[in-house]
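Report on the structure
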Amino acid sequence: MKLLICIIDNFYADEVEKQLRDKGYRMTKLASSGGFMKKGNTTFLFGLEEDDLPALRSALKEACAVVEERKQRKNKQAHRYTSFLLDVKDTAPLFLTT
C-alpha cells in the first residue's frame, strides 16, 4: 500500500477533486494557506496500490488540462502539482501516540 501526497495549486484543486471523485478515487483533502509551498494550495492524500499509480497520475494530468482548457489560460506556474509517494509501512512509526 502506498500513500500519494499531492500538493496542488488552488487554480486546479476543485476540478481535480470533482473529476477524481467521479472516477471513483477516494482522497482526503487538506486546505492550507501560507507555509509549505507558498499559500493557495490544497493537499490531497490518496491511499493506493503501486499498480494503480500510473492511472492516478494520468487522471491528475487530465483534470489539470481540463481546467486550463475551460478557463482558457495556462497557469503561470511551472508545475501544476507536486507529489510524493510513500510506502505506508515506512510511515507507521511516525504515528505513535502516548
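Reference entry: report on the structure contained in this document. (Residues numbered from 1 in each chain as written. Predicted model: local features only at pLDDT ≥ 70, side-chain atom pairs only at ≥ 80, totals over all residues. Heavy atoms only, no water.)

Quick word on the overall build of the protein
What counts, and what does not: Helix and strand definitions here come from DSSP, where helices need a minimum of 4 consecutive H or I residues and strands a minimum of 2 consecutive E residues; each element is numbered from the N-terminal end. Throughout this description, buried means an accessible area under 20% of the type-specific maximum (1.4 Å probe, protein chains only), exposed means over 50%, and partly exposed covers the range between. Only the protein chains shown count as covering a residue, and every accessible area follows the Shrake-Rupley method with a 1.4 Å probe.
A tally of helices and strands in the protein yields three helices and four strands. Helices and strands appear in the protein in the N-to-C order β-α-β-β-α-β-α. For the protein, buried positions account for 33% of its 98 residues. Total accessible area on the protein is roughly 6800 Å²; 53% of this is exposed by carbon and sulfur atoms.

Things to note about the packing of helix H1 (residues 10-22) against helix H2 (residues 53-71)
Spelled out, the test is: In this description, a line fitted to the C-alpha atoms serves as the axis of each element, helices being fitted only across the stretch in contact, and the angle between N-to-C directions of two axes falls anywhere from 0 to 180 degrees. Roughly parallel means an angle under 35 degrees; roughly antiparallel means over 145; roughly perpendicular covers 65 to 115; every other angle is labelled oblique. Helix crossings are classified by the rotation of the near helix relative to the far one: an anticlockwise turn of less than a right angle makes the crossing left-handed, while a clockwise turn makes it right-handed. In what follows, residue pairs with any heavy atoms lying within 4.5 Å of each other are defined as contacts.
Here H1 crosses H2 at 125°, and the two axes come no closer than 9 Å. As summarised for this structure, H1 and H2 are arranged oblique, according to the angle between their axes. Remark: the crossing between H1 and H2 carries right-handed chirality. In this structure, H1 contributes Phe-11, Tyr-12, Glu-15, Val-16, Gln-19 and Leu-20 to the contact, and H2 contributes Leu-56, Ala-59, Leu-60, Glu-62, Ala-63, Cys-64, Val-66, Val-67, Glu-68, Arg-70 and Lys-71.

A short note on the environment of Thr-82
Mapped onto the secondary structure, Thr-82 falls in strand S4 (residues 81-87). Relative accessible area serves as the criterion here: at 24%, Thr-82 is assigned to the partly exposed category. Sequence spacing of Thr-82 and Ile-5 is 77 residues, and the spatial spacing of their C-alpha atoms is 8.2 Å.

Some points on the packing of aromatic side chains
Think of a pair of aromatic rings as described by two things: how far the centres are apart, and how the planes are tilted against each other in angle. Keep this limit in mind: Two rings belonging to Phe, Tyr or Trp (six-membered ring only in the last case) form a pair when the distance between their centres is within 6.5 Å. Interplanar angles under 30 degrees mark stacking, angles over 60 mark edge-to-face geometry, and anything in between is tilted. A positively charged side chain is recorded as over a ring if its NZ (Lys) or CZ (Arg) lies within 6 Å of the ring centre. The angle to the ring normal must also be within 35 degrees.
Taken as a whole and assessed by the stated rule, the structure comprises two aromatic pairs. Measuring from ring centre to ring centre gives 4.9 Å for Phe-11 and Tyr-12, while their planes differ by 90°; the resulting arrangement is edge-to-face. The class of Phe-11 is buried, set by a relative accessible area of 12%. By relative accessible area, Tyr-12 is classed as buried at 1%. With 6.2 Å between their ring centres and 35° between their planes, Phe-44 and Phe-46 make a pair best called tilted. Note on accessibility: Phe-44 and Phe-46 belong to one class, buried. Seen from the ring of Phe-11, Lys-71 lies directly overhead, with NZ or CZ sitting 4.8 Å from the centre.

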